[in-house]
Amino acid sequence: MIALIQRVKKASVEVNDTIIGAIDTGLLVFLCAEKNDTEQIGEKLLKKVLSYRVFSDDAGKMNRSVQNLDGNGKQGGLLIVSQFTLAADTNSGTRASFTPAASPELARALYDRWVAQARKQHSIVETGEFAADMQVSFVNDGPVTFWLQVNS
């Protein structure tokens, strides 16, 4: 699975001109399942996302995770948006191939499981809508963006 995470001041996602998810300070997570992914791979990726140190401590070093923004346990938000295009194979030609992407059925199951597990482990979780045409707005803080991938 792949997660493209962005440290944000705020982020929101709209479907049909209606905001369906929004957060203030936290992580915007674009999430993608690939064809050989499993629930166990998803759990490893979630653990990594929740503990990845992308927020600054008092010395200005990226030493704090979304689960501990201020050093005292304050949590930031997670806005989770499905994005199968992260699995694009761009090695040849000028049009991406999506053969590495999971089937829609597997991707939906893994996405739903990932969101459910995130909600069990984190207090502020918002989402987009799987397979919908979404408009995502955000203010990237930094900018700080990381590509996280877990294969097994």
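In the block above lies the structure referred to throughout.
Not measured: the values here are computed from a predicted model. (Residues numbered from 1 in each chain as written. Predicted model: local features only at pLDDT ≥ 70, side-chain atom pairs only at ≥ 80, totals over all residues. Heavy atoms only, no water.)

**Remarks on the packing of helix 1 (residues 39–51) against helix 2 (residues 104–121)**
- Where helix 1 meets helix 2, the axes come as close as 10 Å, and the angle between the chain directions of the two elements is 40°. In terms of axis orientation, helix 1 runs oblique to helix 2. Considering how the two elements wind past one another, helix 1 and helix 2 form a crossing that is right-handed. Along the contact surface, helix 1 presents Glu-39, Gly-42, Glu-43, Leu-45, Leu-46, Val-49 and Leu-50, while helix 2 presents Leu-110, Arg-113, Trp-114, Gln-117, Ala-118 and Gln-121.
- In terms of residue class, the contact of helix 1 with helix 2 is made up of seven nonpolar, three polar and three charged. (Axes fitted to C-alpha atoms, helices over the stretch in contact; angles between N-to-C directions. Helix = DSSP H or I, 4+ residues; strand = E, 2+ residues; numbered from the N terminus. Parallel < 35°, antiparallel > 145°, perpendicular 65-115°, else oblique. Left-handed = near helix turned anticlockwise from the far one by under 90°. Contact = heavy atoms within 4.5 Å. Nonpolar A, V, L, I, M, F, W, Y, C, P; charged D, E, K, R; others polar.)

**What about the layout of surface pockets?**
- In this structure, the largest pocket encloses a volume near 310 Å³.
- Broken down by element, the lining of the largest pocket gets its largest block of residues, four residues, from helix 2.
- In terms of residue class, the lining of the largest pocket is made up of 15 nonpolar, three polar and no charged. (1 Å grid on protein atoms, 1.4 Å probe; cavity = no way out; pocket = protein on both sides within 12 Å on 5 of 7 lines; lining within 4 Å. Points joined across faces, edges and corners; volume = space filled by probe spheres on them.)

**Some remarks on empty space enclosed by the protein**
- Tallied over the entire structure, the rule returns one cavity of 30 Å³ or more.
- Within this model, the largest cavity holds a volume of roughly 50 Å³.
- Met-1, Thr-38, Glu-39, Gly-42, Glu-43, Leu-46, Leu-110, Arg-113, Trp-114 and Gln-117 are the residues that line the largest cavity.
- Mapped by element, the contributors of at least two residues to the lining of the largest cavity are helix 1 and helix 2.
- When the residues that make up the lining of the largest cavity are grouped by side-chain class, the tally is four nonpolar, three polar and three charged.

**Re the packing of aromatic side chains**
- According to the stated counting rule, one finds three aromatic pairs in the structure shown.
- Seen from their ring centres, Tyr-111 and Phe-130 are 5.6 Å apart, and the 45° between their planes marks the pair as tilted. You can see Tyr-111 sitting in helix 2 and its partner Phe-130 sitting in the loop between strand 7 (125–127) and strand 8 (135–149), a full 19 residues away along the chain.
- Judged by relative accessible area, Tyr-111 falls into the buried class, the value being 6%. (Phe/Tyr/Trp six-rings, centres within 6.5 Å; stacked < 30°, edge-to-face > 60°. Buried < 20%, exposed > 50% of the residue type's maximum accessible area, 1.4 Å probe, protein only.)

**Quick look at unusual backbone geometry**
- Omega for the bond connecting Gly-142 with Pro-143 falls within 30 degrees of zero, at 0°, which places this linkage in the cis form.
- As for its placement among the helices and strands, Pro-143 is situated in strand 8.
- A positive phi angle, near 55°, is found at Asn-16, a position not held by glycine.
- Mapped onto the elements of the fold, Asn-16 is located in the loop between strand 1 (2–15) and strand 2 (18–23).
- Not every positive phi belongs to a glycine, and Ala-131 is a case in point at roughly 65°.
- By the secondary structure assignment, Ala-131 is in the loop between strand 7 and strand 8.

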